[in-house]
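Descriptive analysis of the structure
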Amino acid sequence: MLLYLFVACMCMFGVAYEYIVDYEKLELAYYEKSLVRDAYFLFRKYNRTNHCLNVSFVLLKDLDGRKLQFTTSVHQFLSNEYKKTGMEATYNVCEYWSRDIYGTTSFIKKFGNLEGCDIKKGFYYLYNFMPDESQFPKFVPLGRYMIQMNVVRKSGAPLLRFQWFVTARFKLNNRVYGV
Ligand SMILES: *[C@@H]1O[C@H](CO)[C@@H](O)[C@H](O)[C@H]1NC(C)=O
Ligand SMILES: *[C@@H]1O[C@H](CO)[C@@H](O)[C@H](O)[C@H]1NC(C)=O
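Residues numbered from 1 in each chain as written. Chains lettered and ligands numbered in written order. Predicted model: local features only at pLDDT ≥ 70, side-chain atom pairs only at ≥ 80, totals over all residues.

Topic: the pairing of strand E11 (residues 158–170)
As paired strands, strand E10 (residues 143–153) and E11 are joined by 10 bridges and run antiparallel to one another. Within E11, the residue paired with Ile147 across the bridge is Trp164. (Pairing = 2+ DSSP bridges. Helix = DSSP H or I, 4+ residues; strand = E, 2+ residues; numbered from the N terminus.)

Here it is, written out as structure tokens:
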């Protein structure tokens, strides 16, 4: 879902190009260990064009999505480091989930049993999840980005952090440049 926010944010930039997305890596940078057992996380190439994400874990306590915040921020790689671009969005987890923002919820539900509001303890999974590139905007500014997604309690205590490293590369347009 962070990718959806990312691409939605990208439209705020001025200059944009037709592009190809390269996924360098998606990492689970942090999770609250007292809440989760048997965490499994795998992001890898599925075939020549698609990547695939597998996640599963056992949640040890009930969580109320209304009391969780979800923050996405986009960092751009400039002068050898990832710098904040100022593109940030914060949502209430339950609200984001139930309003199906960017169609994220209905899309994610096809791949697993994740919940966003009354999150009961138990086993959760997301299998063979592939970003739906047909939903991406056609034009974005080229460059290397790190999209960070945090889930935190209202108190600010972190629960989860993902970091997604992607590159938007120039796409040669055959009609213009010939093959
Ligand atoms: C890769 O897998 C996806 C999903 O099964 C499929 O839609 C796509 O066409 C495949 N790409 C190639 C190059 O086989
Ligand atoms: C993801 O998990 C499913 C179900 O266990 C499995 O069939 C699939 O091969 C896994 N995908 C990868 C990339 O390991």
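Some points on the confidence of the model for the protein chain
Mean pLDDT over the protein chain: 82, with 80% of residues reaching 70 or higher. Scored below 50 in pLDDT, residues 8–14 makes 9 contacts in the model with residues more than four places away or belonging to other chains. Below a pLDDT of 50 lies the segment residues 174–179, which in the model reaches 2 contacts outside its immediate sequence neighbourhood of four places, other chains included. (pLDDT = per-residue confidence, 0-100. Contact = placed C-beta atoms within 7 Å.)

Notes on the site of ligand 1
As a matter of local geometry, ligand 1 sits amid Tyr46, Asn47, Arg48, Thr49 and Asn50. A breakdown of the residues in the shell around ligand 1 according to their chemical character gives 1 nonpolar, 3 polar and 1 charged. (Near = placed C-beta within 6 Å. Nonpolar A, V, L, I, M, F, W, Y, C, P; charged D, E, K, R; others polar.)

Focus on unusual backbone geometry
Non-glycine residue Asp38 carries a positive phi angle of around 55°. For Asp38, the position within the fold is in strand E2 (residues 36–45). With 8 C-beta atoms counted inside 10 Å, the residue Asp38 sits in the exposed group. Even without being a glycine, Asn128 presents a positive backbone phi close to 55°. In this fold, Asn128 is placed in strand E8 (residues 122–129). Looking at Asn128, the number of C-beta atoms within 10 Å reads 12, which means it is exposed. (Buried ≥ 20, exposed ≤ 12 C-beta atoms within 10 Å, placed from the backbone.)

Focus: the site of ligand 2
All residues adjacent to ligand 2 are Leu42, Arg44, Tyr46, Cys52, Asn54, Tyr127 and Asn128. Broken down by secondary-structure element, the contributors of at least two residues to the shell around ligand 2 are E2, strand E3 (51–59) and E8. Among the residues forming the shell around ligand 2, the class breakdown is 4 nonpolar, 2 polar and 1 charged.

A few points about the sheet that holds E3
To summarise the sheet geometry, strands pair through backbone hydrogen bonds and adopt either a parallel or an antiparallel arrangement. Taking strand neighbours across the sheet as the criterion, the 3 strands line up as E2-E3-E8 in an open arrangement whose pairing is antiparallel. The sheet is open, and its two edges are formed by E2 and E8, each paired on a single side. When strand polarity is set aside, the average angle formed by the axes of neighbouring strands in this sheet is 0°. Of the strand pairs in this sheet, E3 and E8 are connected by 6 bridges, and their pairing is antiparallel. Bridge pairing in E8 places Phe57 opposite Tyr124. (Axes fitted to C-alpha atoms, helices over the stretch in contact; angles between N-to-C directions.)

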